[in-house]
Amino acid sequence: MLDFDLRSKCKIMPEVISLRIKEVCRETGLTDKAIRFYIKNGLINPSYTENYAGRKNFDFSQNDIAVLKRIAVLRKYSFSVNDIKTLLNDENSIAEVLDNQIKIVSQNAAETSFVLTNLKNAADNSPESLDALCETLKENIEPSDFNLSKQLNELWLKIKRKLPLFIMTLAVGAVFAAALLALITYALTKIIINFA
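Worth saying up front: this structure is predicted, and the values here are computed from it rather than measured. (Residues numbered from 1 in each chain as written. Predicted model: local features only at pLDDT ≥ 70, side-chain atom pairs only at ≥ 80, totals over all residues. Heavy atoms only, no water.)

Enquirer: An account of unusual backbone geometry is needed here, citing residue identities and associated values.
Expert: Negative phi characterises most residues that are not glycine, and trans characterises most peptide bonds. Despite not being glycine, Ser78 has its phi angle at roughly 65°, a positive value. Within the secondary structure, Ser78 is located in the loop between helix H4 (62-76) and helix H5 (81-89). Its identity as a non-glycine residue notwithstanding, Ser126 has a phi of 45°, on the positive side. Here Ser126 lies in the loop between helix H6 (94-124) and helix H7 (130-139). (Helix = DSSP H or I, 4+ residues; strand = E, 2+ residues; numbered from the N terminus.)

Structure follows, in structure tokens:
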């Protein structure tokens, strides 16, 4: 009779837990719709089976749940889906994405502060009709007010992208100017020596 110990001959695999979408919703705090949106946009790729009607039944691993929890945190801080995808695919981009997010949130905060101030001022004036309220609010809004900070942010991003080229151009210009100045100085020195 052979005495065969399965544990010594087989590699024991860690238990893999897969959860259905409803369980994942409970664990992550995300809605079914949000999770399906993240799947559709390629932020996570859980395994799935299709039923006869073509509906996909997803099975989420612990890794999928961990990624969804990260996504939930980042979405609470208004990171875009594209930024989250960038962060998930390239952790070296954290500083750049974070810097951009700070600018976006700052811009939104300035606009929100502007709106809040004007709403409080309108409330202090106690308008008696909708027309009066709209007139009070309209007085404080210039068409470009909301777009100004957005335009400044876009301009800064363009400058930031072109800054290395601009610096190189300045450096070449400075070298050219220095060479021209040296040539003029040399020519003037020769002229002065010839007249002396």
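Enquirer: Lay out the pairing of strand S2 (residues 56-59) with the relevant residues and their values.
Expert: The pairing of strand S1 (residues 47-50) with S2 spans four bridges and is classified as antiparallel. When the sheet's bridge partners are listed, Glu50 is paired in S2 with Lys56. Hairpin connection, S1 to S2: the antiparallel pair is bridged by five residues, and Gly54 has positive phi, about 90°. (Pairing = 2+ DSSP bridges.)

Enquirer: For the environment of Ile44, give the residues involved together with the corresponding values.
Expert: Mapping Ile44 onto the fold places it in the loop between helix H3 (32-40) and S1. Separated by 24 residues in the primary sequence, Ile44 and Leu68 place their C-alpha atoms 7.7 Å from one another. Those residues in contact with Ile44 that sit more than four places away from it in its chain are Tyr38, Ile39, Phe60, Asp64, Val67, Leu68 and Ile71. (Contact = heavy atoms within 4.5 Å.)

Enquirer: Report on the layout of surface pockets, specifying residues and quantitative values.
Expert: There is about 200 Å³ of room inside the largest pocket. As for the largest pocket, its lining consists of Arg70, Leu74, Phe79, Leu87, Leu88, Glu91, Ile94, Val97 and Leu98. Looking at the lining of the largest pocket, the elements that each hand over two or more residues are H4, H5 and H6. At three residues, the largest contribution of residues to the lining of the largest pocket is made by H6. Its residues assigned to classes, the lining of the largest pocket comprises seven nonpolar, no polar and two charged. (1 Å grid on protein atoms, 1.4 Å probe; cavity = no way out; pocket = protein on both sides within 12 Å on 5 of 7 lines; lining within 4 Å. Points joined across faces, edges and corners; volume = space filled by probe spheres on them. Nonpolar A, V, L, I, M, F, W, Y, C, P; charged D, E, K, R; others polar.)

Enquirer: Please provide a residue-by-residue account of the pattern of salt bridges, values included.
Expert: Under the counting rule described, the total for this entry stands at four salt bridges. The partner of Asp59 in a salt bridge is Arg20, with the nearest N and O atoms 3.1 Å apart. Of the two residues, Asp59 sits in strand S2 while Arg20 sits in the loop between helix H1 (6-9) and helix H2 (21-28), which places them 39 residues apart along the sequence. With a relative accessible area of 42%, Arg20 lands in the partly exposed category. A salt bridge links Arg36 to Asp32, with the nearest nitrogen and oxygen atoms 2.8 Å apart. A residue pair is termed a helical-turn pair when its members lie 3 or 4 positions apart in one helix, as Arg36 and Asp32 do in helix H3 at four residues. We classify Arg36 as partly exposed; its relative accessible area is 24%. (Salt bridge = Lys/Arg side-chain N within 4 Å of Asp/Glu carboxyl O. Buried < 20%, exposed > 50% of the residue type's maximum accessible area, 1.4 Å probe, protein only.)

Enquirer: For the packing of H4 against H5, give the residues involved together with the corresponding values.
Expert: H5 packs onto H4 with a crossing angle of 135° between their chain directions and a minimal axis gap of 11 Å. Comparing their axes, H5 and H4 come out oblique. H5 is crossed by H4, and the crossing has right-handed handedness. Together, Val67, Ile71, Leu74 and Arg75 of H4 and Val81, Ile84, Leu87 and Leu88 of H5 make up the contact between the two elements. Tallied by class, the residues present in the contact of H4 with H5 amount to seven nonpolar, no polar and one charged. (Axes fitted to C-alpha atoms, helices over the stretch in contact; angles between N-to-C directions. Parallel < 35°, antiparallel > 145°, perpendicular 65-115°, else oblique. Left-handed = near helix turned anticlockwise from the far one by under 90°.)

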